[in-house]
Amino acid sequence: MILPGISGSYILLILGVYFFILNALKGFLSTLAHGELPLTQGSYVVVFVLGCAIGILSFARFLSYMLHNHAPGTLAVLVGLMLGCLRGIWPFRHSIDGVEANFIPASFDSSVGVALVCVLAGMAVVGTFTWLGRAKEEGTANA
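Residues numbered from 1 in each chain as written. Predicted model: local features only at pLDDT ≥ 70, side-chain atom pairs only at ≥ 80, totals over all residues. Heavy atoms only, no water.

## Looking at the pairing of strand β1 (residues 93–96)
Summarising the sheet, β1 and strand β2 (residues 99–102) pair through four bridges and their orientation is antiparallel. Bridging across to β2, S95 finds its partner in E100. The antiparallel pairing of β1 with β2 creates a hairpin that spans two residues between the two strands, and D97 there sits at a positive phi of about 55 degrees. (Pairing = 2+ DSSP bridges. Helix = DSSP H or I, 4+ residues; strand = E, 2+ residues; numbered from the N terminus.)

Right, dumping it as structure tokens:
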């Protein structure tokens, strides 16, 4: 949640450990629910949670430092990461020899319409928040 467009789940998918962690968490919770102490899954969960906490705290400090000292370059990298992540959430895909591939639809159908409505709604939300933020800053500056 520190980087817009890049979630922890997405990073786990990139690293190839999403399902391993998910299964460890399921096993941990189900073993706990049965009143037993889940040592095997517990060790994975503890290491994962500690890694998340340390990573988030250290990365938040690093990102804050970079934004304060190198704002234009840092923002360029963040925008690049967000644009790069769009490939992962592209709604139009098909399978070629068992490999998922993105494609641009050749014709306009309901799925294209829904995607366009979602894009426009997202743009409207971001534009509204930007406008409200500017209005609030101007109101605070004038007060």
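Still more to cover.
## Some points on the packing of aromatic side chains
Each aromatic ring pair is described using two quantities: the centre-to-centre distance and the angle formed by the ring planes. With the rule as written, the count across this model stands at five aromatic pairs. Between the aromatic rings of F59 and F62, the centroid separation amounts to 6.1 Å while the plane-to-plane angle is 45 degrees, which identifies the pairing as tilted. Of this pair, F59 and F62 both sit in helix α3 (residues 39–69), three residues apart, roughly one helical turn. For F59, a relative accessible area of 32% corresponds to the partly exposed category. For F62, a relative accessible area of 45% gives the class partly exposed. (Phe/Tyr/Trp six-rings, centres within 6.5 Å; stacked < 30°, edge-to-face > 60°. Buried < 20%, exposed > 50% of the residue type's maximum accessible area, 1.4 Å probe, protein only.)

## Brief notes about the side chain of T74
Within the secondary structure layout, T74 lies in helix α4 (residues 71–89). Leaving out residues up to four positions away in the same chain, T74 has contacts with L63, M66 and L67. (Contact = heavy atoms within 4.5 Å.)

No statement about biological role is implied by the geometric values presented.
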